[in-house]
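# Results of the structural survey
Below are the chains, spelled out letter by letter.
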Amino acid sequence: MDFPSALRDRRTRRRISQLDLALRAGTTQRHVSFLESGRSEPGRAMVVRLAESLELPLRERNSLLLAAGYAPAYPQTSLKAPELAPVREALDRILAAHAPCPAVVVDRYGGLVAVNDHFALLTEGADPELVGPGANAYRLALHPRGLAPRIGNFPAWARHVVEALRAEVSRNPDERLRELLAELEGYVPEVAPEEAHLGFAVPLELSVPDGPGLRLMTTVTTFATAVDVTVAELKLEAFLPVDGATAEYLAAAAAGRAAAGVTRT
């Protein structure tokens, strides 16, 4: 896609007018119009300003720079690289700090990057192929051989997960994400709108073999100031108790695992 088309596409997908974008980027509506029509060519600094003003993810900012004929501005470093050691250490600390609650780190596509010791509580009974190396958290959550059979409110909770992913695909199109979304949609039954929202959040109602069931809500943590594509796309998702019974079960399960000397592999 050429730069005029790429800029127009990203602006319209975010429902931002040329005037609004111009004000955000410190330029004029006429200049934005000329850029989108191809009558003007942007400098590198202008492309970066426009990308920032559109609040594009770093991957998309690089793509816009490439469309304009410039080299990417943001590196994409392997998480295993020595320079990202502080990131790995931070993730380990944050994961450990969420004890006794399950927590997991995923990449842009839902690939499992790291988990804490308590994440195993969620994956009990799941097909090992959905949990092992290269596993996808979205697929694990919604696949019939994953968590789905244990989720009491599966239609509502699954629809919530799929809608969030659909919004991401709409805002930042990606063929790999679009294919994953199509797969996940096939696992989710229809649900009436009034059934999709329960209280202040859509909980994960998960059955356990030795208790009344867990009610968990999720929170997502990101590196807000990241300037590396890999780091910017990481998400740490924690599963927190909605009620006292769930909190007590998580604490007891963690104590049991500690007494048995069980840790994640």
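Scroll up for the structure.
Residues numbered from 1 in each chain as written. Predicted model: local features only at pLDDT ≥ 70, side-chain atom pairs only at ≥ 80, totals over all residues. Heavy atoms only, no water.

### Quick look at the overall build of the protein chain
Note the following rule: The numbering of helices and of strands both runs from the N terminus, where a helix is a DSSP run of H or I of at least 4 residues and a strand a run of E of at least 2. For every residue, the accessible area (1.4 Å probe, protein chains only) is compared with the maximum for its type, and the residue is labelled buried under 20%, exposed over 50%, or partly exposed between those bounds. Throughout, a contact is declared for two residues whenever any of their heavy atoms are within 4.5 Å. Using the Shrake-Rupley algorithm and a 1.4 Å probe, accessible areas are obtained, with residue cover drawn only from the displayed protein chains. Only four residue types enter the tally: Lys and Arg on the positive side, Asp and Glu on the negative side; His and the chain ends are excluded. Just so you know, the charge point we use is NZ for Lys, CZ for Arg, CG for Asp and CD for Glu.
Regarding its fold elements, the protein chain presents twelve helices and five strands. Split into buried and exposed, the 265 residues of the protein chain put 43% on the buried side. Contacts in the protein chain between residues far apart in sequence, at least 24 positions, make up 57% of those at least 6 positions apart. Working note: accessible area of the protein chain is about 13600 Å², and carbon and sulfur atoms make up 54% of it. Averaged over its 29 positive side-chain charges, the protein chain has a centre that lies 7 Å from the centre of its 33 negative ones.

### Examining the packing of aromatic side chains
The description of an aromatic ring pair rests on the distance of the ring centres and on the angle between the ring planes. As a reminder of what qualifies: Any two of the Phe, Tyr and Trp rings considered here, Trp counted by its six-membered ring, make a pair once their centres fall within 6.5 Å; the pair's planes then place it as stacked at under 30 degrees, edge-to-face at over 60, or tilted in between. The rule is short: NZ of Lys or CZ of Arg within 6 Å of the ring centre and within 35 degrees of the ring normal puts a charge over the ring.
For the structure on display, the rule yields zero aromatic pairs. When the ring centre of Phe-34 is taken as origin, the NZ or CZ atom of Arg-39, which lies over that ring, is 4.0 Å away. Stacked on the ring of Tyr-109, the Lys or Arg Arg-176 has its end atom at 4.0 Å from the ring centre.

### As for helix 6 (residues 85-97)
The test is simple: Here, expected helix span is obtained from the residue count minus one, scaled by 1.5 Å.
Across its 13 residues, helix 6 extends 18 Å between first and last C-alpha, which sits within 8% of the 18 Å expected from 1.5 Å per residue. Of the residues making up helix 6, those classed as buried are Ala-85, Val-87, Ala-90, Leu-91 and Leu-95. Close packing links the buried residues of helix 6 with strand 1 (103-106), strand 2 (112-115), helix 11 (229-232) and strand 5 (235-241).

### Overview of the pattern of salt bridges
So the rule is basically this: Salt bridges are defined by distance alone: a side-chain nitrogen of Lys or Arg within 4 Å of a carboxyl oxygen of Asp or Glu.
Counted according to the given criterion, the structure contains twelve salt bridges. Of the charged contacts, one joins Arg-145 and Asp-127 as a salt bridge, the two residues approaching to 2.8 Å between their closest N and O atoms. Placement of the pair is Arg-145 in the loop between helix 8 (137-142) and helix 9 (154-171) and Asp-127 in the loop between helix 7 (120-123) and helix 8, with a sequence separation of 18 residues. One salt bridge connects Arg-215 with Glu-205, and the closest N-O pair in it is separated by 3.7 Å. Here Arg-215 is found in strand 4 (residues 214-221), whereas its partner Glu-205 is found in strand 3 (residues 204-206), with ten residues between them in sequence.

### Quick word on the side chain of His-98
This is how it is decided: Each polar contact in these results corresponds to two N or O atoms within 3.5 Å; when the atoms are within protein, one needs to be able to donate a hydrogen and the other to accept it, and residues that are neighboring in sequence are counted only if both atoms are side-chain atoms.
By the secondary structure assignment, His-98 is in the loop between helix 6 and strand 1. In this structure the side chain of His-98 is engaged in a polar contact, spanning 2.9 Å, whose partner is the backbone oxygen of Ile-94. Sequence-distant contacts of His-98, that is, excluding residues within four places in its chain, are made with Ala-103, Asn-116, Leu-236, Ala-238 and Leu-240.

### Remarks on the sheet that holds strand 5
Put simply, the test is: Paired strands are those between which DSSP finds at least two bridges. The angle between two axes is taken between their N-to-C directions and runs from 0 to 180 degrees, where each axis is a line fitted to C-alpha atoms and a helix contributes only its stretch in contact.
A sheet is described by the order of its strands in space; here five strands give the open sequence 2-1-5-4-3, paired in antiparallel fashion. Two strands in the sheet have a free side with no partner beyond their single neighbour: strand 2 and strand 3. Pairwise comparison of adjacent strand axes, ignoring direction, gives a mean angle of 30 degrees for this sheet. Relative to strand 4, strand 3 runs antiparallel, the two being bridged by three bridges.

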